[in-house]
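# Descriptive analysis of the structure
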Amino acid sequence: MSNEREQWGSKLGFIFAAAGSAVGIGNIWKFPSMAGENGGGAFTIIYLICILIVGLSIVIAELVIGRKTQLSPVGAFEKIAPNSNWKWVGFLGVASAFVILSFYGVVGGWILKYIIDSLFGEFSNLSGNPAAAGEVFNAFITSSLGPVFYQIIFMSLCIFVIIQGVKGGIEKWSKIMMPVIIVLLGVLAIRGITLDGGMQGLSFLFKPRFEDLTASSIVLALGHSFFTVSLGMGTMITYGSYLNKKQNLLSSALWVIFLDTAIAMLAGVAIFTTVFALGANPAEGPGLIFIILPSIFPQLAGGILWSTLFFILLFMAALTSAISILEVVTAYFIDQKGWSRKKATLQFGSVITIVGVFCSLSLGGGINIAAPLGMSFFDAMDYLSSKYMLPIGGMLTAIFIIKKWGIKDYMIELRKGMNGATVQDGLVKVFLIVAASIVAFIIFNEIYFTTTGKALIG
Ligand code: PFF
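Residues numbered from 1 in each chain as written. Predicted model: local features only at pLDDT ≥ 70, side-chain atom pairs only at ≥ 80, totals over all residues. Heavy atoms only, no water.

### Describing the environment of Trp29
Along the chain, the position of Trp29 falls in helix α2 (residues 25-37). Put simply, Trp29 and Gly268 are 239 residues apart on the chain and 9.0 Å apart in space, counted from C-alpha to C-alpha. When sequence neighbours within four positions are dropped, the list of residues in contact with Trp29 reads Val107, Trp110, Pro286, Ile289 and Phe290. (Helix = DSSP H or I, 4+ residues; strand = E, 2+ residues; numbered from the N terminus. Contact = heavy atoms within 4.5 Å.)

Shown next as C-alpha cells:
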C-alpha cells in the first residue's frame, strides 16, 4: 500500500500546502482581533514566544512522525508504537478534524456571502454605521437557510479539492492561492499605510501596551499558537506523510511558521491602518472583520474593489486550511480502511457538512443541541477544540516522542534531509519538554477554572 502513496510534487509545493493549512481564518480574523483587545504589541510579543517555543517544536515533531511512517495519524502512532494506546492520539486527531471543520465550514460560508454582498455594493448602505453592519451580520448568521446554503457551497469546494488528491488537488490549489493571498494582503496593507492616519494603526498593533495585557491574554496566545499553525490534530503528520527523505524538516517548519506569522502581522497591518484612518473602533474583537470592515470600506475610494479583494483573500485562506482538515479524515479512511479517496472524501465530507449545519442552526436558526451546556453548539465546538482537543493532542505528541519513541530515533529521522547541519539531541529534548509542560499547565488551568470557577492564571 505504501508503495503507491502519493507524494508532493516539489519542495515549494509542500511548503505552500503546509503554510496554506496554517494560514487561515485564525490569522486574518482571530489574530488581529485578539491583538486589538489584549495590548497590541504586548500580545504580539507573547504570541511570538509561544510560536517559537511551543509551535516550532511540535510542528517539527508532527512532520517527523508523518514522514517516518508515511501514514496519517492513527496508523503513524500504531506503526511506531504497535499494540499500544498511542493510536488514540491519532483518533483524537481525526475527531478534532470533525469538530473543527464543522464550525470552520460555517465561517467559510459567511465569507462567501460577504464576497457576494461586497461585489454587489451591499456594503454601501452600511457606510460609517457599524451598528447597522452589526444588525445585518447578526440577522444573517442567526437565520436558518442562508448560512447553511453558503456553508454547503464552501464544503463542496473543499470536497472538490480533496478528491483531486495530494499533488493534483491540495498542492495545485495551494500553489495558486497562497501567492494570491500574499499579494492581496500586501496591496491592502500598502493601501492602509498610505491612508491619512493609517500609521496610527501600526503603532496600535506593534507598540506594547502592557497595561492591557492580562494573564488570560497569555493563555489566549498559547491556545492560538496551536490553532494558527494547525497543530495537535495530525494535520502536519498527514502532510508530512507525503514527503520524501530529501526534505529538510527543520527549514520547512521554519518556513511554515514564518509565513504564518508574517501573514498574521500583515493582516493586522492591513486591518488596523484602515480602521484608524477611518476612525473606527480597533478593539471591537470578533466583530472587526464582519461588522467594522463592511462599515468602513465603502468610505474608501474604490471601496467595492478593496472589500471584495479582502473577502476573496479571506476565502482563499479559509479554503487552504479547511482542505487540510478534511485531508486528515480522508487519509485515515484511505490508510486504515483501504477506502478510495473519492469514497472517503465524499462520505465524510458530507458527514462533517451535516454536523456543520447543526453548528450554523445553533446560532439562532432553530436547533441548538448544546443548549444544556449554556452555549451554542457552534461555540461548544470551537471551545472544545481550541481549549482542549488541540492542546491535548499537541502535548501528547511531544510526550510520545520523549517517552515512547525516544529522542535518538526521532533525531535520526529529523536529520535526514538536513545535509549534515547540526542540531543537538539535548536541545531538541529540552524544547519538547518545555512545550509539553507549558501546554499541560494551560490545560490544567482550564480544567481547574471550569470546575472551580477560579483560574490559577487568567
Ligand atoms: N490554522 C488554521 C487557521 O489559522 O485558521 C486553522 C486550522 C487548520 C486548525 C487546520 C487546525 C488544523 F488542523
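Structure's up, so let's keep going.
### Remarks on unusual backbone geometry
Positive phi, normally seen in glycine, also occurs at Gln70, with a value near 55°. Within the secondary structure, Gln70 is located in the loop between α3 (41-69) and α4 (73-80). We classify Gln70 as buried; its relative accessible area is 17%. In this model, Asn83 sits at a positive phi of 50°, which is unusual for a non-glycine residue. By the element assignment, Asn83 lies in the loop between α4 and α5 (87-119). With a relative accessible area of 72%, Asn83 lands in the exposed category. (Buried < 20%, exposed > 50% of the residue type's maximum accessible area, 1.4 Å probe, protein only.)

### Here's the deal with helix α18 (residues 425-452)
Between its first and last C-alpha atoms α18 spans 40 Å; for 28 residues at 1.5 Å apiece the expected length is 40 Å, and the two agree. Here α18 has its buried residues at Val428, Leu432, Ala435, Ala436, Val439, Ile442, Ile443, Asn445 and Glu446. Looking at the buried residues of α18, the elements they touch are α3, α10 (215-228), α16 (377-405) and α17 (407-415). Phi for Gly453, located one or two positions after α18, is positive at around 85°. (Expected span 1.5 Å × (residues − 1).)

### Quick notes on the environment of Thr235
Here Thr235 shows up in helix α11 (residues 235-240). In this view, Thr235 contacts Ser21, Glu62, Ser230, Ser324 and Val328; residues no more than four positions away in its chain are not counted.

### Comments concerning the side chain of Glu413
Its location among the elements puts Glu413 in helix α17. For Glu413, a relative accessible area of 1% puts it in the buried group. Engagement of the side chain of Glu413 in a polar contact is seen with the side chain of Lys245, the distance being 3.0 Å. (Polar contact = N/O pair within 3.5 Å; in protein donor to acceptor, adjacent residues only side chain to side chain.)

### Let's talk about the pattern of salt bridges
Scanning the model with the defined rule gives 10 salt bridges in all. The residue Lys416 makes a salt bridge to Glu413 at a minimum N-O spacing of 3.5 Å. We classify Lys416 as partly exposed; its relative accessible area is 32%. Across the pair Arg415 and Asp425 runs a salt bridge whose closest N-O atoms are separated by 2.6 Å. (Salt bridge = Lys/Arg side-chain N within 4 Å of Asp/Glu carboxyl O.)

### Section: the layout of surface pockets
Considering only enclosed or pocket space, the largest pocket measures out at about 830 Å³ in volume. Lys30, Met34, Pro286, Asp382 and Ser386 are, among the 35 residues lining the largest pocket, the residues nearest its centre. At the level of secondary structure, the elements contributing two or more residues to the lining of the largest pocket comprise α2, α5, α6 (130-141), α10, α13 (287-296), α16 and α18. (1 Å grid on protein atoms, 1.4 Å probe; cavity = no way out; pocket = protein on both sides within 12 Å on 5 of 7 lines; lining within 4 Å. Points joined across faces, edges and corners; volume = space filled by probe spheres on them.)

### Observations concerning the side chain of Thr397
With respect to the secondary-structure elements, Thr397 resides in helix α16. On the accessibility criterion, Thr397 (3% relative accessible area) is buried. Within the structure, Thr397 has its side chain in polar contact with the backbone oxygen of Gly393 (distance 2.7 Å).

### Considering empty space enclosed by the protein
A complete count under the given rule lists 3 cavities of 30 Å³ or more for this structure. In this model, the largest cavity occupies a volume close to 150 Å³. Considering the residues around the largest cavity, the lining is formed by 17 residues, among which Ser21, Tyr104, Phe227, Ser230 and Ile325 are closest to the centre. Among the elements of the structure, α1 (11-22), α2, α5, α10 and α14 (303-337) are those that each provide at least two residues to the lining of the largest cavity. Of the residues assigned to the lining of the largest cavity, the class counts are 8 nonpolar, 9 polar and no charged. When its volume is computed, the second largest cavity comes out at roughly 70 Å³. Forming the walls of the second largest cavity are Leu188, Arg191, Gly192, Ala270, Ile271, Thr274, Leu293, Phe297, Leu300, Trp306 and Phe310. Going through the elements one at a time, α8 (166-193), α12 (249-277) and α14 are the ones with two or more residues in the lining of the second largest cavity. Residue composition of the lining of the second largest cavity, grouped by class: 8 nonpolar, 2 polar and 1 charged. (Nonpolar A, V, L, I, M, F, W, Y, C, P; charged D, E, K, R; others polar.)

### As for the packing of aromatic side chains
Both the distance between ring centres and the angle between the ring planes are used here to describe each pair of aromatic rings. Inspection of the entire model under this criterion finds 41 aromatic pairs. Ring centres 5.5 Å apart and planes at 90° place the aromatic pair Trp110 and Phe137 in the edge-to-face group. In this pair, Trp110 sits in helix α5 while Phe137 sits in helix α6, placing the two residues 27 residues apart along the sequence. With respect to burial, Trp110 and Phe137 carry one shared label: buried. (Phe/Tyr/Trp six-rings, centres within 6.5 Å; stacked < 30°, edge-to-face > 60°.)

### A closer look at the packing of α2 against α12
As a packed pair, α2 and α12 sit with axes 9 Å apart at the nearest point and diverge in direction by 65°. Considering their axes alone, α2 and α12 lie roughly perpendicular with respect to each other. Relative to α12, α2 is oriented so that their crossing is right-handed. Where α2 approaches α12, its residues Asn27, Ile28, Phe31, Pro32 and Gly36 are matched on the opposing element by Asp260, Ala264, Met265, Ala267, Gly268, Ile271 and Phe272. (Axes fitted to C-alpha atoms, helices over the stretch in contact; angles between N-to-C directions. Parallel < 35°, antiparallel > 145°, perpendicular 65-115°, else oblique. Left-handed = near helix turned anticlockwise from the far one by under 90°.)

### Concerning the site of the ligand
Near the ligand, the surroundings consist of 15 residues, among which Ala22, Gly26, Tyr104, Phe227 and Thr235 are the closest. Backbone polar atom of Phe227 to a nitrogen atom of the ligand: 2.8 Å apart, as the coordinates give it. In this structure, Thr228 approaches the ligand through a main-chain N or O atom, which is 3.2 Å from a nitrogen atom. The protein chains hide 100% of the 340 Å² of surface that the ligand would expose on its own. In a pocket analysis with a 2 Å cut-off to the grid points, the ligand is assigned to the largest cavity. Every element with two or more residues in the shell around the ligand is listed here: α1, α2, α10 and α14. Among the residues forming the shell around the ligand, the class breakdown is 6 nonpolar, 9 polar and no charged. (Near = heavy atom within 4 Å. Areas by Shrake-Rupley, 256 points an atom, 1.4 Å probe, with all protein chains shown as cover. Sits in = over half its atoms within 2 Å of the grid points.)

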